[in-house]
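The chain contents come next:
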Amino acid sequence: CLPANQERLANGRLATVQFHPSAQVVMTAGHDRSVSLFQVDGIRNPKIQSIYLESFPIYKACFSVDGEQVIATGTHHKMFFVYDMMSGSIIPIQKVRGVEERFLRNFEVSPNGSFMLLTGTSGYLHLLSMKTKELISTMKVNGRCTASAFTPDSSKIYSYSKEGEVFIWDVRSRKCLHKFEDEGSLEGKCIAVSKNNQYVACGSASGVVNLYTTDVCLKENRPKPVKAIMNLVTSATCVTFNPTTEILAVASCETDEAVKLV
């Protein structure tokens with residue numbers, strides 16, 4: 001296949017590549033301060049449009065679940081942008097009332113499209129309404145939170161701390177239901193929950209990815225992984241399941257070609 005973004009190659013590092021939830025469209029965003037959309041036809045992959053965010057290198061961009069918006073956070077900013085694809089408008093969210101953070105970088109969107117979870121510093125997690133982008137509640141883990149994932153039904157959040165602990169939150173009550181230690185983890189890096197809610201994968205700085213069954217995670221404080229995946233030799237920075245929960249992709253951005261499909 002041709003490069004998806006061949007009609008507009010990025011000038012800087014790409015931070016995000018994501019397929020649209022329902023259309024034959026792919027989005028790229030990155031350090032060259034732009035978000036680009038391409039129609040994927042495999043022949044020409046024509047560019048639909050690019051938006052440029054002045055002095056805003058993008059840390060992460062993500063489609064909303066309905067595919068009508070793109071949310072983008074910067075590398076060193078407390079604000080974030082919402083690009084409304086229906087109206088073509090770029091909406092800056094300058095300040096979320098109640099969120100006191102120097103930088104807003106990492107975030108997750110809930111699978112049901114209702115919530116946006118911002119990862120703050122010092123272990124704070126800010127749950128926002130996706131509709132209004134206003135703060136609903138703040139939760140806090142011990143230590144520093146490095147990654148979070150919603151369960152497929154959007155009822156729970158798994159938050160992975162830098163210290164290797166995983167906290168499980170109830171979205172409705174915002175209470176911590178349980179916490180467990182990720183076996184052998186010196187520093188938590190990334191986490192994913194499978195689409196059928198059967199597995200949780202935790203990737204750590206050593207490159208080891210532990211795979212657990214969710215029922216064990218909810219009961220035990222020191223669960224045994226079903227499998228420890230040792231194929232990465234540098235820090236595991238991305239784990240994700242395919243939609244049918246048959247394949248787990250594990251990757252490290254610290255070295256070339258460090259992507260394994262399990």
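Residues numbered from 1 in each chain as written. Predicted model: local features only at pLDDT ≥ 70, side-chain atom pairs only at ≥ 80, totals over all residues. Heavy atoms only, no water.

- With an unreviewed UniProt entry as reference, the protein is termed U3 small nucleolar RNA-associated protein 18 homolog, source organism Pandion haliaetus.
- UniProt, in its Subcellular location (unreviewed entry) section for the protein, records the words "Nucleus, Nucleolus".
- Regarding the protein, the relevant UniProt record gives this comment under Sequence similarities (unreviewed entry): "Belongs to the WD repeat UTP18 family." (UniProt positions renumbered as here; feature names shortened; annotations may be inferred.)

Points about the packing of aromatic side chains
Piece 1. Counted according to the given criterion, the structure contains three aromatic pairs.
Piece 2. Look at phenylalanine 167 and tryptophan 169: their rings are 6.4 Å apart centre to centre, the planes differ by 20 degrees, and that puts the pair in the stacked class. Neither phenylalanine 167 nor tryptophan 169 differs from the other in exposure class; each is buried.
Piece 3. It is lysine 60 that lies over the ring of phenylalanine 107; its NZ or CZ is 4.9 Å from the centre.
Piece 4. Geometry around tyrosine 124 places lysine 140 over its ring, the cationic atom sitting 5.4 Å from the centre. (Phe/Tyr/Trp six-rings, centres within 6.5 Å; stacked < 30°, edge-to-face > 60°. Buried < 20%, exposed > 50% of the residue type's maximum accessible area, 1.4 Å probe, protein only. Lys NZ or Arg CZ within 6 Å of the ring centre and 35° of its normal.)

So, unusual backbone geometry
Piece 1. With a phi angle near 70 degrees, arginine 33 is a residue other than glycine that sits in the positive phi range.
Piece 2. As for its placement among the helices and strands, arginine 33 is situated in the loop between strand 2 (25-30) and strand 3 (34-39).
Piece 3. Its relative accessible area of 30% is what places arginine 33 among the partly exposed residues.
Piece 4. Non-glycine residue arginine 174 carries a positive phi angle of around 60 degrees.
Piece 5. Mapped onto the elements, arginine 174 comes out in the loop between strand 15 (165-170) and strand 16 (176-181). (Helix = DSSP H or I, 4+ residues; strand = E, 2+ residues; numbered from the N terminus.)

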